[in-house]
Amino acid sequence: MTLDELDRQVSECTLCNSLVEKFPASKTVFLGKNNKFVLIGEAPANNGWRKSNMLWRDVTGKFLPSAVVMQKLLDVIDCNLLDVTFLEAVKCYTINRNNLKVCSKNCKSIIMQQIEILNPELIITLGEFPTRNLLGNDFKKFSEVVGKFHNLGKYKVLPIYHPSPVSPMSYKGNLPIFEMLKEKKYENK
């Protein structure tokens, strides 16, 4: 199976038809310069990738607020946001956020196949939904797992708070995690 074949599966999928708007882009993975680590978001942003066909950007090409926060965090490990491979836990835009849980379960086999193809050393999940999608529900509070390495078969998963500036933890809660990655000499080079 290839990434292109998985994208075709996403475009033909009907599991969540009444819950989502289809992902308009032909690609559901943004490939960075290498796949040492992969960022996994929650679902296509309403005003981002979904409408602009550009990851982390709005329709005018301007970086979204979450992208600005994420770049500040990646600066700690000397990495450019657009050099990092990125994919979404939910492949389509959920009409109602309450559907994220159901949709993420329906997308799990696709995301696991994408991870297998990409074969990253580290998976960084952005927020609770992609973390629960990969790790399951073995935690009550998201804060219990943030900043800690978890095993997912042969892969390491590192949950962080979602980089949305709406969250007070988006930068200040994630900064110590990226400082720890810097100490471990973890860079995407």
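Refer to the structure printed above.
Residues numbered from 1 in each chain as written. Predicted model: local features only at pLDDT ≥ 70, side-chain atom pairs only at ≥ 80, totals over all residues. Heavy atoms only, no water.

## Structural notes on the packing of helix H1 (residues 3–12) against helix H4 (residues 100–118)
The criterion, for reference: To get an axis, fit a line to the C-alpha atoms, keeping to the stretch in contact for a helix; angles then go from 0 to 180 degrees between the N-to-C directions. The helix and strand labels rest on DSSP assignments: H or I over at least four residues marks a helix, E over at least two residues marks a strand, and numbering proceeds from the N terminus. Each angle gets one of four labels, with under 35 degrees taken as roughly parallel, over 145 as roughly antiparallel, 65 to 115 as roughly perpendicular, and the rest as oblique. When checking whether two residues touch, look at their non-hydrogen atoms; a contact exists if any pair is within 4.5 Å. Under the scheme applied here, ten amino acids are nonpolar (Ala, Val, Leu, Ile, Met, Phe, Trp, Tyr, Cys and Pro), four are charged (Asp, Glu, Lys and Arg), and all others, including Gly, are polar.
Two numbers describe how H1 lies on H4: the axes approach to 10 Å, and their chain directions differ by 170°. One way to sum up the angle between H1 and H4 is to call them roughly antiparallel. Only Ile110, Gln113, Gln114, Ile117 and Leu118 of H4 make contact with H1, whose side of the interface consists of Leu3, Leu6, Asp7, Gln9 and Val10. Of the residues in the contact of H1 with H4, the class split is six nonpolar, three polar and one charged.

## Here we look at the packing of aromatic side chains
To keep it simple, the criterion reads: We call Phe, Tyr and Trp rings a pair once their centres come within 6.5 Å, taking the six-membered ring for Trp, and we label the pair stacked below 30 degrees between planes, edge-to-face above 60, and tilted otherwise. The criterion is that NZ of a Lys, or CZ of an Arg, lies within 6 Å of the ring centre and within 35 degrees of the ring normal, and then a charge sits over that ring.
This structure, assessed with the given rule, holds three aromatic pairs. In textbook terms, an aromatic cluster arises when at least three aromatic residues are bridged by ring pairs, as seen for Phe139, Phe142 and Tyr161. Its end group placed over the ring of phenylalanine 63, arginine 57 keeps NZ or CZ at 4.3 Å from the ring centre. Over the face of the ring belonging to phenylalanine 149 we find lysine 156, whose NZ or CZ atom lies 5.9 Å from the ring centre.

## A short note on H1
Where we set the bar: Each residue is placed in one exposure class: buried if its accessible area under a 1.4 Å probe, protein chains only, is under 20% of its type's maximum, exposed if it is over 50%, and partly exposed if it falls in between. What the arc describes is the spread of directions from the helix axis to the C-beta atoms.
Those residues of H1 that fall on the buried side of the exposure criterion are Leu3, Leu6, Asp7 and Val10. Looking down the long axis of H1, one finds its buried residues gathered within 105° of arc, a one-sided arrangement. Among the structural elements, strand E2 (29–30) and H4 are those in contact with the buried residues of H1.

## A look at the sheet that holds strand E6 (residues 122–126)
To be explicit about the condition: Note on pairing: two strands pair once DSSP finds at least 2 bridges between them.
Ordered in space as E2-E4-E3-E6-E8-E7, the six strands form an open sheet in which the pairing is mixed. Of all the strands in the sheet, just E2 and strand E7 (150–152) have a single pairing partner and so form its edges. Sheet analysis places strand E3 (residues 34–41) next to E6, joined by four bridges and oriented parallel. Across the sheet, phenylalanine 37 pairs through a bridge with leucine 122, a residue of E6. This element, H4, spans E2, E3, strand E4 (84–88), E6, E7 and strand E8 (155–160) of the sheet and lies at about 165° to E4. Here helix H7 (residues 175–183) sits on the sheet in contact with E6 and E8, set at roughly 145° to E8.

## Brief notes about the state of the cysteines
Definition in use: In plain terms, two cysteine sulfur atoms within 2.5 Å form what is called a disulfide here.
Within this structure, the stated rule accounts for zero disulfides. For cysteine 16, which is in no disulfide, the shortest distance to another cysteine sulfur is to cysteine 103 and amounts to 3.5 Å. Relative accessible area serves as the criterion here: at 9%, cysteine 16 is assigned to the buried category.

## A few points about the nonpolar core
Where we set the bar: Nonpolar cores were defined as sets of buried Ala, Val, Leu, Ile, Met, Phe, Trp, Tyr and Cys residues, with membership established by side-chain atoms within 4.5 Å.
With 32 residues, the main nonpolar core has Phe37, Leu39 and Phe178 as its most contacted residues. Looking at this core, the elements that each hand over two or more residues are E3, helix H3 (65–75), E4, E6, E8 and H7. When residues no more than four places from it in sequence are discounted, the contact partners of phenylalanine 178 are Met70, Leu73, Leu74, Val76, Ile77 and Ile160. Core analysis: the second largest hydrophobic core is formed by 15 residues, Val29, Ile115, Leu118 and Ile123 among them.

## Here's the deal with the pattern of salt bridges
How we decide: Put simply, a salt bridge is a Lys or Arg side-chain nitrogen that is within 4 Å of an Asp or Glu carboxyl oxygen.
This model, assessed by the stated rule, comprises five salt bridges. Salt-bridge contacts for aspartate 83 lead to lysine 33; the nearest nitrogen and oxygen are separated by 3.8 Å. One end of the pair, aspartate 83, is in the loop between H3 and E4; the other, lysine 33, is in the loop between E2 and E3, with 50 residues separating them in the sequence. Of the residues examined, aspartate 83 reaches a relative accessible area of 22% and is grouped as partly exposed. Accessibility expressed as a relative area gives 68% for lysine 33, which makes it exposed. Notably, a salt bridge pairs lysine 154 with glutamate 116, separated by 3.6 Å at the nearest N-O pair. Of this pair, lysine 154 sits in the loop between E7 and E8 while glutamate 116 sits in helix H4, and the two are 38 residues apart along the sequence. Here lysine 154 falls in the exposed class, since its relative accessible area comes to 58%. Judged by its relative accessible area of 45%, glutamate 116 is partly exposed.

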